[in-house]
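Here is what each chain is made of, one letter per residue.
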Amino acid sequence: MDSAIQIGSTAHHNSASAPAPAPVPAHACSGTLGSHLARRLVEIGVRDVFSVPGDFNLTLLDHLIAEPELNLIGCCNELNAGYAADGYARAKGVGACVVTFTVGGLSVLNAIAGACSENLPVICIVGGPNSNDYGTNRILHHTIGLPDFSQELRCFQTVTCIQAVVNNLDDAHEQIDTAISTALKESKPAYISISCNLPGIPHPTFARDPVPFFLAPKVSNHLGLEAAVEATAEFLNKAVKPVIVGGPNLRVAKAQKAFLEFADASGYPIAVMPSGKGLVPEHHPHFIGTYWGAVSTGFCGEIVESADAYVFVGPIFNDYSSVGYSLLIKKEKAVIVQPNRVTIGNGPSLGWVFMTDFLSALAKKLKKNSTALENYRRIFVPPGIPLKREQDEPLRVNVLFKHIQDILGGDTAVIAETGDSWFNCQKLRLPENCGYEFQMQYGSIGWSVGATLGYAQAARDKRVIACIGDGSFQVTAQDISTMIRCGQRTIIFLINNGGYTIEVEIHDGPYNVIKNWDYTGLVNAIHNGEGKCWTAKVRTEDELTAAIATATGEQKDSLCFIEVFVHKDDTSKELLEWGSRVSAANGRPPNPQ
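Residues numbered from 1 in each chain as written. Predicted model: local features only at pLDDT ≥ 70, side-chain atom pairs only at ≥ 80, totals over all residues. Heavy atoms only, no water.

**Overview of helix α8 (residues 222-237)**
The terminal C-alpha atoms of α8, which comprises 16 residues, lie 22 Å apart, in line with the 22 Å expected from a rise of 1.5 Å per residue. Of the positions making up α8, those classed as buried are Gly 224, Leu 225, Ala 228, Val 229, Thr 232, Ala 233, Phe 235 and Leu 236. The arc that holds the buried residues of α8, viewed along the axis, is 160 degrees, so those residues lie on one side. The outward face of α8, more than 90 degrees from its buried face, is lined by the exposed residues His 222, Leu 223 and Glu 234. On the buried face of α8, the contacting elements are β12 (310-313), β13 (334-338), β14 (341-344), β15 (349-351) and α12 (355-363). A distance of 3.0 Å separates the backbone nitrogen of Leu 223 from a side-chain oxygen at the start of α8, and that oxygen is part of Asn 221. (Helix = DSSP H or I, 4+ residues; strand = E, 2+ residues; numbered from the N terminus. Expected span 1.5 Å × (residues − 1). Buried < 20%, exposed > 50% of the residue type's maximum accessible area, 1.4 Å probe, protein only. Arc of directions from axis to C-beta. Contact = heavy atoms within 4.5 Å. Polar contact = N/O pair within 3.5 Å; in protein donor to acceptor, adjacent residues only side chain to side chain.)

Shown next as structure tokens:
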């Protein structure tokens, strides 16, 4: 290590007779802004940065490439680079992307908004204008033609937890460190703009090896924690048939271990909200399925809604997760546990009580009660067996997902695109350690292509299985190219049903029909003989079985793209029910004024 601190301390090792060392120029022991940012990204766990080059970020990209522990991945467009950083953050805990000023920033904005809605710390770095141009009244290219450069910043203020415009070396160190640590603390994206002329300049504030920053652990208010645990234990111990429902904010609170402790100690059945799928262990003996109101998995909704107490751990209630506001849940029976607050029925609501502390402490105070679980086991009937098929009968969606279920294991992860894949993938039973991701709060169609790229890059030990509708695929298809370049071995099931099926079930019209593509032909053209890629078209169950055997056998090290043809009206029954309820919620007439 040759940081400033070490150099200063060498004086102690010199004997009295030795000549005094020549003064070291300040910049010799300094790093540059670019190298400092690169080291910080490595320190927080980022190994891959998704980027699109543009003249304002090129020298910064040189510094990221020069960092031996960072891998720069060029994407086909900024939107996909942002989606990839989102997918990467889901697997690694943090992600990063680098784009150019305004023209790149406004392209990546939608992906960063999605990461914000899903509480993902994504570091969005933008190469900004030359530091000398600020405040000069000049008009720059890549902008909207006004001498005010703040348009991009103003857009990002609403979708990031912190914004740093670095156009001065003296406080660049503090700005970068504060932005990164705030993103990690708040589990939200951060925006960092870096003037294009600064990355290569050494400065004494940038030690070659930066001192790692330390995030202080959050500690619950002790009195609040005690009060919350006492009140909740009393509330639950007098309930007859309590249940637990896990939600998406389990991720933010990093509380999966404490959740398990609580579930084991209580004996209550465990359900999961649709957007929490993948955060709750489905191989657990108390697991009863997805609670999603009227479209819950079999017998799960009835058990949850008939309970006299329910503990919702990290829920997000919105019009989609509440099936158009139709959940039969009563506030007075609910304990709502959020990352830093607990609310008990209509009673107390205690803040600065952290989910992990609370669940662990509560586990020690509960009487075991398996009444609701026994009730579930009494009424449960296994799902129906798909009907016997005719020879060469067209493939049905429920048959497709039966085969996808069979290839899941602890070394796989499922990425479900917005659309009917939400509902079909929701019914998959996840084996231990099987990953699962989808974007329910933001629901941006096309998200899964970039997210699959990012997730697969972060989780090298897992084979990603992505389920994508044809309509969504058309939005972001081109980054299949980057997956092939990175040597990824994802299996993509492209479900070709001729349009935006989820929109059809909410409100149909000619705009929901799309131009059909030769999807495998497109992927073959992108492959172009470089890298490992294999494609297949599938119309029957026999063809599907053969394609899966090839994808998991001789082509197991290739990107496998399987285009599955299904009837445009072949949807999950849950989508039909959900679509009509969401449509009713969207179509409510205005209240009389």
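**A few points about the sheet that holds β12**
Spatially, the 7 strands line up as an open sheet ordered β11-β10-β9-β12-β13-β14-β15, and their pairing is mixed. Lying at the two open borders of the sheet, with one neighbouring strand each, are β11 (287-290) and β15. In this sheet, adjacent strand axes meet at a mean angle of 15 degrees when their direction is disregarded. Across the sheet, α8 touches β12, β13, β14 and β15, and the angle it forms with β14 is around 35 degrees. (Pairing = 2+ DSSP bridges. Axes fitted to C-alpha atoms, helices over the stretch in contact; angles between N-to-C directions.)

**Let's talk about the sheet that holds strand β7 (residues 190-195)**
If you trace the 6 strands from one edge of the open sheet to the other, you get β3-β2-β4-β5-β7-β6, paired in parallel fashion. Among the strands making up the open sheet, the edge pair consists of β3 (71-74) and β6 (162-166). Taken over all neighbouring pairs, the strand axes of this sheet differ in orientation by 20 degrees on average, direction set aside. Here 6 bridges tie strand β5 (residues 122-128) to β7, and the two strands are oriented parallel to one another. Across the sheet, residue Val 126 finds its bridge partner in β7, namely Ser 193. Seen against the sheet, helix α2 (residues 33-43) touches β2 (48-51), β4 (95-100), β5, β6 and β7 and runs at an angle of roughly 165 degrees to β5.

**Some thoughts on the layout of surface pockets**
Computed from the structure, the largest pocket encloses a volume of approximately 1200 Å³. Forming the boundary of the largest pocket are 39 residues, of which Thr 297, Gly 298, Pro 383, Gly 384 and Lys 427 lie nearest the centre. Listing elements by their share of the lining of the largest pocket, those giving two or more residues are β11, α11 (300-305), α14 (397-406), α15 (420-426) and α22 (573-586). When residues of the lining of the largest pocket are assigned to their parent elements, the largest contribution, 5 residues, is made by α14. Here the residues of the lining of the largest pocket sort into 14 nonpolar, 14 polar and 11 charged. Two domains each donate at least three residues to the lining of the largest pocket, and these are domain 2 (222-379) and domain 3 (397-579). (1 Å grid on protein atoms, 1.4 Å probe; cavity = no way out; pocket = protein on both sides within 12 Å on 5 of 7 lines; lining within 4 Å. Points joined across faces, edges and corners; volume = space filled by probe spheres on them. Nonpolar A, V, L, I, M, F, W, Y, C, P; charged D, E, K, R; others polar. Domains from an automatic or database assignment.)

**A look at the environment of Asn 221**
When you line up the elements, Asn 221 lands in the loop between β8 (202-207) and α8. A relative accessible area of 37% places Asn 221 in the partly exposed class. Between the C-alpha atoms of Asn 221 and Trp 292, which are 71 residues apart in sequence, the distance is 33 Å. At 3.1 Å, the side chain of Asn 221 and the backbone nitrogen of Gly 224 are in polar contact.

**Some details on the pattern of salt bridges**
Overall, the coordinates contain 21 salt bridges when judged by the stated rule. The salt bridge involving Asp 148 is made with Arg 154; its shortest N-O contact spans 3.3 Å. On the basis of relative accessibility, which here comes to 41%, the residue Asp 148 falls in the partly exposed class. One salt bridge in this structure joins Glu 230 and Lys 365, with 3.2 Å as the shortest N-O distance. Placement of the pair is Glu 230 in helix α8 and Lys 365 in the loop between α12 and α13 (371-379), with a sequence separation of 135 residues. Several salt bridges converge on common partners, so that one network encompasses Asp 86, Arg 90, Glu 118, Arg 251 and Glu 437. (Salt bridge = Lys/Arg side-chain N within 4 Å of Asp/Glu carboxyl O.)

**Looking at unusual backbone geometry**
The phi dihedral of Trp 352 is positive, around 55 degrees, even though this residue is not glycine. Its location among the elements puts Trp 352 in the loop between β15 and α12. Phi at Asn 433 is positive, roughly 70 degrees, even though this residue is not glycine. Following the sequence through the fold, Asn 433 ends up in the loop between α15 and β17 (435-437).

**Focus: the packing of helix α4 (residues 78-92) against helix α16 (residues 447-458)**
Running from N to C, α4 and α16 cross one another at 45 degrees; their axes reach a closest spacing of 6 Å. When the axes of α4 and α16 are compared, the pair comes out oblique. Relative to α16, the crossing made by α4 is right-handed. Every residue of α16 that contacts α4 at Asn 80, Tyr 83, Ala 84, Asp 86, Gly 87, Tyr 88, Arg 90, Ala 91 and Lys 92 is listed here: Trp 447, Gly 450, Ala 451, Leu 453, Gly 454, Tyr 455, Gln 457 and Ala 458. Here the contact of α4 with α16 is composed, by residue class, of 9 nonpolar, 5 polar and 3 charged. (Parallel < 35°, antiparallel > 145°, perpendicular 65-115°, else oblique. Left-handed = near helix turned anticlockwise from the far one by under 90°.)

**Examining the UniProt feature "domain: Thiamine pyrophosphate enzyme central" (unreviewed entry) in the protein chain**
Under the UniProt annotation, "domain: Thiamine pyrophosphate enzyme central" (unreviewed entry) lies at residues 229-346. The span residues 229-346 is 25% helical and 20% strand by assignment, and the distance between its end C-alpha atoms comes to 16 Å. (UniProt positions renumbered as here; feature names shortened; annotations may be inferred.)

**Some details on the pairing of strand β18 (residues 463-469)**
Here β18 lies mainly inside the structure; 7 of its 7 residues are buried. The two faces of β18 match: Arg 463, Ile 465, Cys 467 and Gly 469 on one face and Val 464, Ala 466 and Ile 468 on the other face are all buried. Here strand β16 (residues 412-416) runs beside β18; their pairing, made up of 5 bridges, is parallel. Paired with Ile 415 across the bridge in β18 is Ala 466.

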